[in-house]
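# Tertiary structure, described
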Amino acid sequence: MLAAMPLSPSRTVAELKELRELTGDENGAQRVAWTETWERARAWLREKLDELPLEHEIDEAGNQWWTLRGSSDRSVLIGGHIDSVPNGGWLDGALNVVAGVEVMRRLAEDGEPAATVRLVDWADEEGARFGRSLFGSSAAAGSMADQAELRERRDADGVALPDALGEHGVDLDRALEARRQLEGAAAYLELHIEQGPVLEAMELPLGVVLGTFGVERHQITFRGQAAHAGSTPMDRRRDALAGAAKLELEIREIAKRTGDGAVCTMGGVVTRPGIVTSVVETAECLLDQRHLDAAKLAEMLSNAEAASRRFAQEEDVEVEWERIWNIEPILFDEGLIELADEAVREVAGRSHRLPSGPLHDAAEVARAGVPTVMLFVQSLRGLSHTKLEDTKEEHLELSVQALDRLTTKALEAFG
Ligand SMILES: [Zn+2]
């Protein structure tokens, strides 16, 4: 039977532009979660799916679900997030859901699928307003364990997180009830822009994601002695900034030596007293280290720790480490990686497997034990979280086709 409504990848591109018009301005996308613009985007999404025979619900964490019942209760999930950072790009998160809409249209037209298919728009992936990423997906995954802390969080205007969520019908105390959504999930598929420069450098439109990097984040404080910049001889100083500066250069060598995509970043150093007439007494550094291999990540951390103690000794200062946050590497499902590879080769000729530096909702779903895979589509100049974020339209269209192929393959495997 010829489908009356075949897949139309160009419609996805047109709809993404429509969404950009509706929810962006001259500075970029403004779909920050728990705001009116975000609600406008979510309502727009509902309208797009209105005419299809889907069940719709919003769960206790604010995640929005559309379900196409299949002959089996087991479900294949397609996910994304319509929220953006302030002044964000038009594709981060939105491509995933809008491409998912197109796949749902094609499936609904083809009649009852072999397994149930569900599209989810995760709530607050970016954490832009309250600094808490992956809100909805971590609730559904059951890994959210920081409600006590979230209750105290406030945005830049002093609005408490529970109050902001309440305005959008979400009760923080009940968010974890969203866990039931992943029951019976056989596979989770997510398409996303790469947000990095790897595929563009390889001249490949699409790639398959192996998993998300493990992350170690620490605050490292070097403590010396404030002393007068004029009266303290150079060999008598206990300069905390000297320790921090040596460490910043060393973490780059550590990442280089470790290889396999290792990255280390010192994202900030705050010095005190921070005046031109004093030797630095304290230097607080923020360090972020990432790797796909847990053992290598642990090794990078211990190398950085050892180096910091060596530099502290050399500079006659003290050093103290405090973990801010960490997450283990999350590896995607091998079977689904194979299927994704096939799908990419079918639509683009060549495929490539790569890790993801940024975290994604897919990592939370995989953590909950649902077999998961992601597809990346090339990002131009590797830019994201800026209005300059872009992807060639022909590549966007290929990505919709690849997601559609992958969904079909997952339905065959799990239906
Ligand atoms: Zn995203």
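These notes cover the structure that comes with them. (Residues numbered from 1 in each chain as written. Predicted model: local features only at pLDDT ≥ 70, side-chain atom pairs only at ≥ 80, totals over all residues. Heavy atoms only, no water.)

## Some details on the coordination of the zinc ion
Stated formally: As a rule, N, O and S atoms within 2.8 Å of a metal are its donors, except that Na, K and Ca use 3.2 Å; water is not among the atoms, so sites may look incomplete. By definition, any uninterrupted DSSP run of H or I lasting at least four residues is a helix, any uninterrupted run of E lasting at least two residues is a strand, and each is numbered from the N terminus. Note on classification: 1.4 Å probe, protein chains only; a residue is buried when its accessible area is under 20% of the maximum for its type, exposed when over 50%, partly exposed between these limits.
Surrounding the zinc ion are the protein donor atoms His-81 (NE2), Asp-92 (OD) and His-192 (NE2), which sit 2.1 to 2.2 Å from the metal. Mapped onto the polypeptide sequence, the residues donating to the zinc ion form the spacing pattern H-x10-D-x99-H. Of the two residues, His-81 is situated in the loop between strand E5 (75-80) and helix H3 (94-109) and His-192 in strand E7 (residues 185-193); the sequence distance between them amounts to 111 residues. Note on accessibility: His-81 and His-192 belong to one class, buried.

## Quick word on the side chain of Asp-92
Inclusion rule: As used throughout, the charge tally considers Lys and Arg to be positive and Asp and Glu to be negative, leaving His and the chain termini uncounted. Think of a salt bridge as a Lys or Arg side-chain nitrogen and an Asp or Glu carboxyl oxygen that are within 4 Å of each other. For the purposes of these results, a polar contact is taken to be a pair of N or O atoms within 3.5 Å, where, inside protein, one atom must be able to donate a hydrogen and its partner to accept one; residues adjacent in sequence count only when each atom of the pair is a side-chain atom. Note on definitions: a residue-residue contact is assigned when non-hydrogen atoms from the two residues lie within 4.5 Å.
Secondary-structure assignment places Asp-92 in the loop between E5 and H3. As a buried residue without a salt bridge, Asp-92 has its nearest oppositely charged side chain in Arg-31, at a separation of 7.8 Å. Of note is the side chain of Asp-92, whose polar atom sits 2.9 Å from the side chain of His-385. For Asp-92, the contacting residues outside a window of four places in its chain are His-81, Asp-83, Glu-126, His-192, Ile-193, Gln-195, Ser-384, His-385 and Glu-389.

## Remarks on helix H1 (residues 9-23)
For the record, the criterion: An expected span of 1.5 Å times one less than the residue number is assigned to each helix. The arc refers to the directions leading from the helix axis to the C-beta atoms.
An ideal rise of 1.5 Å per residue puts 21 Å on 15 residues; H1 measures up with 21 Å between its terminal C-alpha atoms. Listing the buried residues of H1 in full gives Pro-9, Thr-12, Val-13, Glu-15, Leu-16, Leu-19 and Thr-23. For H1, the angular spread of the buried residues around the axis is 165 degrees, confining them to a single face. Tucked inside the fold, the buried residues of H1 contact strand E1 (24-25), strand E2 (28-29), helix H2 (36-49), H3 and helix H12 (393-414).

## Quick notes on a nonpolar patch on the surface
Formally: Every patch collects residues that have over 30% relative accessible area and no salt bridge, joining them within 9 Å if they carry like charges and within 5 Å if they are nonpolar side chains (Val, Leu, Ile, Met, Phe, Trp, Tyr). The method behind every accessible area is Shrake-Rupley, applied with a 1.4 Å probe, and residues are considered shielded solely by the protein chains displayed.
Taken together, Leu-286, Ile-324 and Trp-325 make up a surface patch of nonpolar side chains, about 270 Å² in accessible area. Following the sequence through the fold, Ile-324 ends up in strand E12 (residues 318-327).

## Considering the environment of Gly-142
Take Gly-142: it is sitting in the loop between helix H4 (135-141) and helix H5 (147-152). Residue class for Gly-142 comes out partly exposed when judged on its relative accessible area of 30%. Measuring from C-alpha to C-alpha, the distance between Gly-142 and Val-365 comes to 9.3 Å, with 223 residues separating the pair along the chain. Apart from residues lying up to four places away in sequence, Gly-142 is in contact with Leu-176 and Arg-179.

## Some points on the sheet that holds strand E10 (residues 263-272)
Threshold: Two strands form a pair only when DSSP identifies at least two bridges running between them. Under this scheme, a helix contributes an axis fitted over its contacting stretch, all axes are lines through C-alpha atoms, and angles between N-to-C directions fall in the 0 to 180 degree range.
Judged by pairing direction, the sheet is antiparallel, and its four strands sit side by side in the order E10-E11-E9-E12 without closing on themselves. Unpaired on one side and paired on the other, E10 and E12 mark the two borders of the sheet. Within the sheet, the average angular offset between the axes of one strand and its neighbour, ignoring direction, is 15 degrees. When E10 meets strand E11 (residues 282-291), the two strands line up antiparallel, connected through nine bridges.

## Quick notes on the pattern of salt bridges
Tallied over the full model, the rule gives 40 salt bridges. Of the charged contacts, one joins Glu-393 and Lys-17 as a salt bridge, the two residues approaching to 2.6 Å between their closest N and O atoms. Here Glu-393, found in helix H12, pairs with Lys-17, found in helix H1; they are 376 residues apart in sequence, far enough to count as distant. Its salt-bridge partner being Arg-106, residue Asp-110 comes within 2.7 Å of it at the nearest N-O pair. Three or more residues joined by partner-sharing salt bridges are found here, namely Arg-11, Glu-15, Glu-18, Lys-48, Glu-102 and Arg-105.

## Looking at H3
Helix length check: H3, at 16 residues, gives a terminal C-alpha distance of 23 Å against a target of 22 Å (1.5 Å per residue), a fit within 8%. Burial within H3 is extensive, with 15 of its 16 residues counted as buried. Immediately downstream of H3, the backbone of Gly-111 shows phi near 90 degrees, a positive value.

## Quick notes on the packing of aromatic side chains
Selection criterion: Pairing of aromatic rings covers Phe, Tyr and the six-membered ring of Trp, with a centre-to-centre limit of 6.5 Å; geometry is then stacked below 30 degrees between planes, edge-to-face above 60, and tilted otherwise. Two conditions define a charge sitting above a ring: the NZ of Lys or the CZ of Arg must be within 6 Å of the ring centre, and it must be within 35 degrees of the ring normal.
Per the stated rule, a full pass over the model turns up four aromatic pairs. With a centroid separation of 6.2 Å and 50 degrees between ring planes, the pair formed by Trp-122 and Tyr-188 is classed as tilted. Residue Trp-122 is found in the loop between strand E6 (116-121) and H4, and its partner Tyr-188 is found in strand E7; the two are separated by 66 residues along the sequence. Classification of Tyr-188 by relative accessible area gives buried; the value is 0%. Among the aromatic residues, ring-to-ring pairing joins Trp-34, Trp-38 and Phe-135 into one connected group. Here the basic side chain of Arg-20 rests over the ring of Trp-90, its NZ or CZ set 4.3 Å away from the ring centre.

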